Amino acid sequence: MEALFLTKQVPDPNEPRWRQTLQISMPLNLSYVPIGLAAGVLLHAAGFNTLLTALVSVVIFSGGAQFMIASMLTINAPLLSIVLMLFFLELRYALLGSSLSKYLRGQNEGFLFFFAVSMNDENYAVNYLKFATDKKWTPSDALQVEHWSLLFWSVSNVVGSLIGSALKINLDVVHFALTALFLYMIIMQVKSRLAILVALLSAALAVFFLMLTKSTLGLVIATLIASFLGFAIEHELRVRRPQSRFLWRLRSPGNSDGPVENASDEGL
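Predicted model only: the values in this text are computed from it and were never measured.

Novice: Would you take a moment to explain the overall build of the protein chain for this structure?
Specialist: When its secondary structure is counted, the protein chain shows twelve helices and zero strands. Ordered by position in the sequence, the α and β elements of the protein chain form the string α-α-α-α-α-α-α-α-α-α-α-α. A burial count over the protein chain gives 36% of its 268 residues as buried. Counting only carbon and sulfur atoms, one obtains 69% of the accessible surface of the protein chain, whose full area is about 15,800 Å².

The structure is reproduced here in structure tokens:
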């Protein structure tokens, strides 16, 4: 629905550009409202006041990261563990940003800095689609989309924090919300048997290293080892057994039968 809205809309040439970018980003902006409210409530339950919630929403601008921060703070996780988990969780933006770099050539360092710090998964998808389908789409337009989405997200976080200050939130809700969020993210990433194998391996390693280190630093260690092993196994299968069933997509309405490496990338 969002892709159809973005590609079929015919803007009025006399309409201000800021209004056009607002209309293009509006489906994304509205989707941020309920999630942003929930994130604000949970951050307040974790001990953030409204000012800190606003600061975190602007500086980090990642729903998954903010939910994770709230959860780890409620269990008194060490600051080093939180920073490391944030680093690895947000490392994907290096790959996302690199795919947009060809559209941002010639921009100064200041522009690139503000573009990078206000990019997230959703506005990246909107901008990538527009760059790929609209020759008139400019880096300035893309930056406006990012800032519109950041505005809606930050305001939703602040309102959620104010709601949280008026309500008594059970901290168990924070753990449940984070668990549900990352379970959803895992399910959305499971497209092959290899992904299931790596997910199970990650879970086993996480339990082992949590018991060994008796701190959330074990999650960081488990993440690094599971990522390395998953990469090594996939590379070995692609080189030696490219037709391995571990590389085949799982049967579903959205996936065709065949090896992952032979399937066309959806959306990119």
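Novice: Mind showing me how you'd approach the packing of helix α4 (residues 63-74) against helix α5 (residues 79-90) here?
Specialist: Angle between the axes and distance between the axes: these two values describe a pair of packed helices. Contact pair α4 / α5: the axes reach a minimum separation of 10 Å and the direction vectors enclose 160 degrees. Taken together, α4 and α5 sit at an angle that is classed as roughly antiparallel. By crossing handedness, the relation of α4 to α5 is classed as right-handed. Listed contacts from α5 to G64, A65, M68, I69, M72 and L73 of α4 are S81, I82, M85, L86, L89 and E90.

Novice: Would you take a moment to explain the packing of aromatic side chains for this structure?
Specialist: Two numbers describe a pair of aromatic rings. These are the distance of the centres and the angle of the planes. Counted according to the given criterion, the structure contains nine aromatic pairs. Between W18 and W148, the ring centres sit 6.3 Å apart and the planes meet at 40 degrees, which makes this aromatic pair tilted. Pair noted here: W18 is in helix α2 (residues 17-45) and W148 is in helix α9 (residues 139-166), with a separation of 130 residues, a long-range link. Members of the aromatic cluster, each reached through a chain of ring pairs, are Y103, Y124, Y128 and F131.

Novice: How should the environment of H44 be read in this particular structure?
Specialist: Along the polypeptide, H44 turns up in helix α2. Along the primary structure H44 and I163 are separated by 119 residues, whereas in three dimensions their C-alpha atoms are 9.0 Å apart. Apart from residues lying up to four places away in sequence, H44 is in contact with S161, G164 and S165.

Novice: Just checking my understanding: could you explain helix α6 (residues 92-100) for this structure?
Specialist: One turn of the α-helix equals 3.6 residues, which is why residues spaced by three or four share an orientation. Inspection of α6 places Y93, L96 and L100 among the buried residues, and these make up the whole buried set. Looking down the long axis of α6, one finds its buried residues gathered within 60 degrees of arc, a one-sided arrangement. Residues of α6 that are exposed and point over 90 degrees away from its buried face: A94 and L95. Next to the buried residues of α6 lie α5, α7 (109-117) and α8 (121-133).

Rules and cut-offs
Residues numbered from 1 in each chain as written. Predicted model: local features only at pLDDT ≥ 70, side-chain atom pairs only at ≥ 80, totals over all residues. Heavy atoms only, no water. Helix = DSSP H or I, 4+ residues; strand = E, 2+ residues; numbered from the N terminus. Buried < 20%, exposed > 50% of the residue type's maximum accessible area, 1.4 Å probe, protein only. Areas by Shrake-Rupley, 256 points an atom, 1.4 Å probe, with all protein chains shown as cover. Axes fitted to C-alpha atoms, helices over the stretch in contact; angles between N-to-C directions. Parallel < 35°, antiparallel > 145°, perpendicular 65-115°, else oblique. Left-handed = near helix turned anticlockwise from the far one by under 90°. Contact = heavy atoms within 4.5 Å. Phe/Tyr/Trp six-rings, centres within 6.5 Å; stacked < 30°, edge-to-face > 60°. Arc of directions from axis to C-beta.

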